[in-house]
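Chains, contacts and geometry: an overview
Read off the chains here:
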Amino acid sequence: MNAERTTMAAAAASATIFRTYSTITSAFQADVVCRNNGAQRVLSFRGALRAVYLSPPLRSSGAGICHLAQAIKSDVDVLLKGVGDPSTAETVKHVVEMANRASLRREVLHTDFLTPPLLKESLLVLEKLVDVKAVSHGGYPQAERCRLSVGHPEVVANVDDVVAAFSITGNFGFQPSSHGDFLGSILGTGIAREKLGDIILQGENGAQALIVPELVDFVTTSLGQVGKVPVSCTKIPLDALEYEAPRMKTFKTVETSLRLDAVASAGFKISRSKLVDLISKGDVRVNWNTIMKNGTILKSGDIVSVSGKGRLKIGEINTTKKGRYAVELIRYL
């Protein structure tokens, strides 16, 4: 009789752990199976988290929940260990949770548009997950900002309508508009930046832009002006996008340091004091993140953007015999 009561109590405790776990960790939507295994209790997961061994044995449902949450957090933290920037890590964590949820439910979920650094870090982490596949969508082959479709490999293979496109036309012959002009006008309609992909300038003809499908109708009816130019907007198919490989100019500079204000001022052909002023105004970004410190150190592969000036990529860096830095700069024209 005592053995039977013990077995029933253990089953009840296991059921309580399962119900409570399902409530507090809906992000993973995992099925938990509790069973005795000698002195330990084994919690088995479907998906990326396969097994977590908890010791000493769980003595109550409350203790089990606590250990379980700690185990899940620890596993995610291990996956994110190589992601240095805290804000990047938080976004990647959200993508990982979305991917696990989609895989377990056999559905496909889509992220917002991600910047290239976020896209790269997310894909590196997702590659480590079991039964998860990720496909990027930017609207055209050279897209920088892309959405990720995540889910089980069996259901992610064929996904359509992840990105929509629209054209912005007007008489820009006498009043040329920059990328920033178009971006500011589109965001002025009230949408968030992460809902918008690349903007492809079309010279006197205006621009084309990528956006999440659910907002394309809203933007095309809401956007009526870019700068001082009246515009009309029309939804277009992705195969109507007009793009070409970016034009670039490569040159070198020799600097005493790799500070942002030193290297970028040489790259954009402006004075160091002018660049410092632009940094203080929040007009300078490194790898799509706004930088407010002049002394930020650059490295090979970094992308420096200055509002109204364009974009610069840091190429190969070598040290001269005099201890200076010979930096290859790639200016996007």
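Computed from a predicted structure; not experimentally measured.

When you go through the chain residue by residue, the secondary structure sums to 9 helices and 18 strands. For the chain, the residues scored as buried account for 41% of the 333 residues in total. For the chain, the computed accessible surface area is about 17700 Å², with 51% contributed by carbon and sulfur atoms.

This paragraph deals with the side chain of Gln202. Here Gln202 is to be found in the loop between strand 8 (196–201) and strand 9 (207–211). Of the polar contacts made by the side chain of Gln202, one reaches the backbone oxygen of Glu242; its length is 2.9 Å. When near neighbours in sequence (up to four residues on either side) are disregarded, Gln202 contacts Ala207, Gln208 and Glu242.

Our next topic: the sheet that holds strand 12 (residues 232–236). For sheets, the rule is that strands pair by backbone hydrogen bonds, running either parallel or antiparallel. Sheet architecture is open: 4 strands sit in the order 8-9-7-12, paired in antiparallel fashion. What marks the edges here is a single partner per strand, and that holds for strand 8 and strand 12. Direction aside, neighbouring strands of the sheet carry axes that sit 25 degrees apart on average. Helix-sheet contacts for helix 6 (residues 179–187) involve strand 7 (164–169), strand 8 and strand 9, and the interaxial angle to strand 8 is about 140 degrees.

Within the secondary structure, Asp283 sits in the loop between helix 9 (272–280) and strand 14 (284–286). Exposure remark for Asp283: the relative accessible area of 22% places this residue in the partly exposed category. Residues Asp283 and Ser307, spaced 24 residues apart in sequence, show a C-alpha to C-alpha distance of 5.3 Å.

The strand order across the open sheet built from 6 strands is 13-18-17-16-14-15, with neighbouring strands paired in antiparallel fashion. Either end of the sheet is taken by a strand with one partner, and the two such strands are strand 13 (248–255) and strand 15 (289–290). Each of strand 13, strand 14, strand 16 (303–306), strand 17 (310–319) and strand 18 (325–332) touches helix 8 (residues 260–267); the most contacted strand, strand 13, lies at about 135 degrees to it.

Between helix 3 (residues 86–105) and helix 4 (residues 116–126), the least distance of the axes is 9 Å, while the angle of their chain directions is 45 degrees. Taken together, helix 3 and helix 4 sit at an angle that is classed as oblique. Two packed elements cross with a definite hand, and for helix 3 against helix 4 that hand is right-handed. Counted together, Thr88, Thr91, Val92, Val95, Val96 and Ala99 of helix 3 and Leu118, Glu121, Ser122, Val125 and Leu126 of helix 4 form the full contact between these two elements. Of the residues belonging to the contact of helix 3 with helix 4, the class tally is 7 nonpolar, 3 polar and 1 charged.

Turning next to the side chain of Ser265. Topologically, Ser265 is positioned in helix 8. Ser265 gets classed as buried once you look at its relative accessible area, which sits at 9%. A polar atom in the side chain of Ser265 sits 2.9 Å from the backbone oxygen of Ala262. Once residues lying within four places of it in the same chain are set aside, the contact partners of Ser265 are Leu260, Ile270, Ser271, Arg272 and Leu275.

What follows is about the confidence of the model for the chain. Per-residue confidence for the chain averages 80 on the pLDDT scale, and 76% of its residues sit at or above 70. Ignoring residues within four places in sequence, the model shows residues 10–74, a span with pLDDT below 50, making 85 contacts including any to other chains.

Between helix 8 and helix 9, whose axes approach to 9 Å, the crossing angle comes to 110 degrees. One finds that helix 8 runs roughly perpendicular with respect to helix 9. Once helix 8 is placed against helix 9, the crossing between them reads as right-handed. Side by side, helix 8 and helix 9 meet where Leu260, Asp261, Ala262, Ala264 and Ser265 of the first sit next to Arg272, Leu275, Val276 and Ile279 of the second. Here the residues of the contact of helix 8 with helix 9 sort into 6 nonpolar, 1 polar and 2 charged.

Parameters at a glance
- Residues numbered from 1 in each chain as written.
- Predicted model: local features only at pLDDT ≥ 70, side-chain atom pairs only at ≥ 80, totals over all residues.
- Heavy atoms only, no water.
- Helix = DSSP H or I, 4+ residues; strand = E, 2+ residues; numbered from the N terminus.
- Buried < 20%, exposed > 50% of the residue type's maximum accessible area, 1.4 Å probe, protein only.
- Areas by Shrake-Rupley, 256 points an atom, 1.4 Å probe, with all protein chains shown as cover.
- Polar contact = N/O pair within 3.5 Å; in protein donor to acceptor, adjacent residues only side chain to side chain.
- Contact = heavy atoms within 4.5 Å.
- Pairing = 2+ DSSP bridges.
- Axes fitted to C-alpha atoms, helices over the stretch in contact; angles between N-to-C directions.
- Parallel < 35°, antiparallel > 145°, perpendicular 65-115°, else oblique.
- Left-handed = near helix turned anticlockwise from the far one by under 90°.
- Nonpolar A, V, L, I, M, F, W, Y, C, P; charged D, E, K, R; others polar.
- pLDDT = per-residue confidence, 0-100.

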